[in-house]
Amino acid sequence: MTAYIDEDSSHEPWAVWENRILVRASTPDEALRRTNEHLAECGSEYTNSDGVLLRDMVVGLTSLIPIYDELEDGNEIEWIDHTGETVMDMFERVRDNSSLEAFIIPERAAHQRGEQITEAN
């Protein structure tokens, strides 16, 4: 049995990815149905070149966000209400370009790909 099924918290960390997909739908119910149809096609099991058994599986949804406009360059796809926050709170959320998600490979993901991770002191 796997650590996931056994709920064994002592297992080695896994590579865990959260993927976002787009679905075209007219209602939230249709979006959920279509999303679940896509997810039903996901999942596989294979042995990698190191002889390690890998499973690709869907655990569930973390969000279902409606996009109201056609996807075109510059269109808004999401907004978050930060009513009550101070200007300083806003500045604390602003990040340097190199720390934006698109430029970061999480340490565990890099390690899973077989890259050597070293620490400099």
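Residues numbered from 1 in each chain as written. Predicted model: local features only at pLDDT ≥ 70, side-chain atom pairs only at ≥ 80, totals over all residues. Heavy atoms only, no water.

**A closer look at the environment of Leu-53**
Step number 1: Note on placement: Leu-53 falls in strand 2 (residues 53-56).
Step number 2: A residue is classified by how much of its surface remains accessible, and Leu-53, at 44% relative accessible area, is partly exposed.
Step number 3: Among residues more than four places away in sequence, those in contact with Leu-53 are Glu-45, Tyr-46 and Thr-47. (Helix = DSSP H or I, 4+ residues; strand = E, 2+ residues; numbered from the N terminus. Buried < 20%, exposed > 50% of the residue type's maximum accessible area, 1.4 Å probe, protein only. Contact = heavy atoms within 4.5 Å.)

**Comments concerning the pairing of strand 2**
Step number 1: Looking at chain direction, strand 1 (residues 44-47) and strand 2 are connected through four bridges and run antiparallel. Of the residues in strand 2, the one forming a bridge with Ser-44 is Asp-56.
Step number 2: Two successive antiparallel strands, strand 1 and strand 2, enclose a turn made up of five residues, where Gly-51 displays a positive phi of approximately 80°. (Pairing = 2+ DSSP bridges.)

**A few points about the layout of surface pockets**
Step number 1: There is about 200 Å³ of room inside the second largest pocket.
Step number 2: As for the second largest pocket, its lining consists of Val-16, Trp-17, Glu-18, Arg-20, Glu-101 and Pro-106.
Step number 3: By residue class, the composition of the lining of the second largest pocket is three nonpolar, no polar and three charged. (1 Å grid on protein atoms, 1.4 Å probe; cavity = no way out; pocket = protein on both sides within 12 Å on 5 of 7 lines; lining within 4 Å. Points joined across faces, edges and corners; volume = space filled by probe spheres on them. Nonpolar A, V, L, I, M, F, W, Y, C, P; charged D, E, K, R; others polar.)

**Here we look at the pattern of salt bridges**
Step number 1: Using the criterion set out here, one finds five salt bridges in the structure.
Step number 2: A salt bridge links Glu-70 to Arg-24, with the nearest nitrogen and oxygen atoms 3.8 Å apart. Pair noted here: Glu-70 is in the loop between strand 2 and helix 3 (87-93) and Arg-24 is in the loop between helix 1 (3-6) and helix 2 (28-40), with a separation of 46 residues, a long-range link.
Step number 3: Arg-95 serves as the salt-bridge partner of Glu-101, at 2.7 Å between the closest nitrogen and oxygen.
Step number 4: Its relative accessible area of 57% is what places Glu-101 among the exposed residues. (Salt bridge = Lys/Arg side-chain N within 4 Å of Asp/Glu carboxyl O.)

**Things to note about a negative patch on the surface**
Step number 1: On the surface, a cluster of negative charge is contributed by Asp-69, Glu-72, Asp-73 and Glu-76.
Step number 2: With respect to the element layout, Glu-76 can be found in the loop between strand 2 and helix 3.
Step number 3: Classification of Glu-76 as exposed rests on a relative accessible area of 53%. (Patch = residues over 30% accessible without salt bridge, like charges linked within 9 Å, V, L, I, M, F, W, Y side chains within 5 Å. Areas by Shrake-Rupley, 256 points an atom, 1.4 Å probe, with all protein chains shown as cover. Lys, Arg positive; Asp, Glu negative; His and termini not counted. Charge placed at Lys NZ, Arg CZ, Asp CG, Glu CD.)

**A few points about the confidence of the model for the chain**
Step number 1: Looking at the chain as a whole, its pLDDT mean stands at 79, while 77% of the residues score no less than 70.
Step number 2: The weakest mean pLDDT in the chain belongs to helix 1 at 54; the strongest belongs to helix 2 at 93.
Step number 3: In the predicted structure, residues 115-121 sits below a pLDDT of 50 and forms four contacts with residues beyond four places in sequence or in another chain. (pLDDT = per-residue confidence, 0-100.)

**Thoughts on the side chain of Thr-35**
Step number 1: By secondary structure assignment, the location of Thr-35 is in helix 2.
Step number 2: Overall, the relative accessible area of 5% leaves Thr-35 in the buried class.
Step number 3: Apart from the residues within four sequence positions on either side, Thr-35 is in contact with Ile-21, Val-23, Leu-61 and Leu-64.

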